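Here is what each chain is made of, one letter per residue.
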Amino acid sequence: MRIAVAGGTGTVGRYVVEQASARGHEVVSLSRSEGIDLVTGKGLEQALRGVDTVIDVSGIKSMATKKNVDYFTNSTQNLLAAEKKAGVGHHLALSVVGIDHATSGLYAGKLVQEDAVRHGDVPWTLLRCTQFHEFVPLTVDVASAGPVVLVPKMFTQPVAASEVAEALVAAAEAGPQGRIADLGGPRTEELARLVRAYLDKTGRRKRIVEVPFPGPMGKAMRHGALVPAEGAAVGRQTFLEWLEGAV
């Protein structure tokens with residue numbers, strides 16, 4: 001197939017590009033570095049010519065609800081419109097486990113994205129996954145204040161980005177299926193424990209302070225609503241295994 005990957009240079013996107021290419025598909029990466037702007041639609045029409053399937057793993061680096069909603073509204077509508085015009089037969093979007101219980105930030109944006117995909121004119125597949133292993137170092141970078149790192153009180157089930165890419169490429173090959181089984185990592189963990197392991201491994205001395213996140217998001221974090229329900233697909237690589245190879 002000819003597969004276009006929206007966000008092809010990101011955490012998951014680069015694995016999707018690599019694995020789809022290794023499986024013999026012709027891959028087009030849709031990102032700003034390739035002169036394509038999903039928010040404005042610039043370059044999309046030309047890039048999607050002859051494309052069979054679009055895998056959307058794009059996103060923005062922001063925790064703000066409005067920015068996420070605006071981004072996913074515009075980018076998804078532009079993608080779907082360009083796909084319809086180009087005759088693309090399958091739109092495959094990556095979403096996040098638990099967005100029905102936590103409707104702010106990225107989760108609010110993903111709800112908008114899923115709604116647009118479900119009601120769009122292009123046959124679709126949706127895969128929800130948990131946070132990637134890279135979520136832990138990101139938390140340390142974002143939530144550090146001097147010698148202290150503020151860690152949300154949270155249960156998580158992190159999954160390897162490469163395994164998410166495997167699932168996405170397999171879903172692309174299978175064709176439109178609607179919403180498929182959620183994907184999580186092999187173990188449910190407390191985020192603070194993973195942050196401690198990361199700090200110890202990298203030799204960074206910081207005091208961890210667990211804080212309850214406010215609102216519905218915080219409740220979902222604390223009560224395990226952001227981990228997959230029974231029947232979900234389960235990844236292979238644990239966070240500690242990933243940490244050994246990543247640092």
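Residues numbered from 1 in each chain as written. Predicted model: local features only at pLDDT ≥ 70, side-chain atom pairs only at ≥ 80, totals over all residues. Heavy atoms only, no water.

**Q** Any chance you could explain the sheet that holds strand 7 (residues 148-152) here in plain terms?
**A** Adjacent strands of a sheet pair through backbone hydrogen bonds, lying either parallel or antiparallel. Pairing is mixed in the open sheet, where three strands are placed in the order 6-7-12. Bordering the open sheet on either side are strand 6 (144-145) and strand 12 (207-211), each of which pairs with just one other strand. As judged from the five bridges shared by strand 7 and strand 12, these two strands associate in the parallel manner. If you follow Pro-152 over to strand 12, its bridge partner there is Val-211. Running over the sheet, helix 5 (residues 135-143) touches strand 6 and strand 7 and is turned about 125° from strand 7. Of the strands in this sheet, strand 7 and strand 12 are in contact with helix 7 (residues 191-202), which crosses strand 7 at around 145°. (Pairing = 2+ DSSP bridges. Helix = DSSP H or I, 4+ residues; strand = E, 2+ residues; numbered from the N terminus. Contact = heavy atoms within 4.5 Å. Axes fitted to C-alpha atoms, helices over the stretch in contact; angles between N-to-C directions.)

**Q** How should I be thinking about the packing of helix 1 (residues 13-22) against helix 6 (residues 161-174) in this particular structure?
**A** The packing of two helices is summarised by the inter-axis angle and the distance between the axes. At a minimum axis distance of 8 Å, the contact between helix 1 and helix 6 shows a crossing angle of 50°. Considering the angle they form, helix 1 stands oblique to helix 6. Classified by chirality, the crossing of helix 6 by helix 1 is right-handed. Each of Tyr-15, Val-16, Gln-19 and Ala-20 in helix 1 lies in contact with helix 6, whose residues at this interface are Ala-161, Ser-162, Ala-165, Glu-166, Leu-168 and Val-169. Its residues assigned to classes, the contact of helix 1 with helix 6 shows seven nonpolar, two polar and one charged. (Parallel < 35°, antiparallel > 145°, perpendicular 65-115°, else oblique. Left-handed = near helix turned anticlockwise from the far one by under 90°. Nonpolar A, V, L, I, M, F, W, Y, C, P; charged D, E, K, R; others polar.)

**Q** Please clarify how the pairing of strand 2 (residues 26-30) should be interpreted in this entry.
**A** Remember that side chains alternate between the two faces of the sheet whenever the strand is regular. Bridge analysis of strand 1 (residues 2-6) against strand 2 gives five bridges, and the strand direction is parallel. Bridge pairing in strand 2 links Ala-6 to Leu-30. In this fold, the crossover linking strand 1 to strand 2 by way of helix 1 has right-handed handedness. (Right-handed = clockwise from strand over helix to strand, strands pointing away.)

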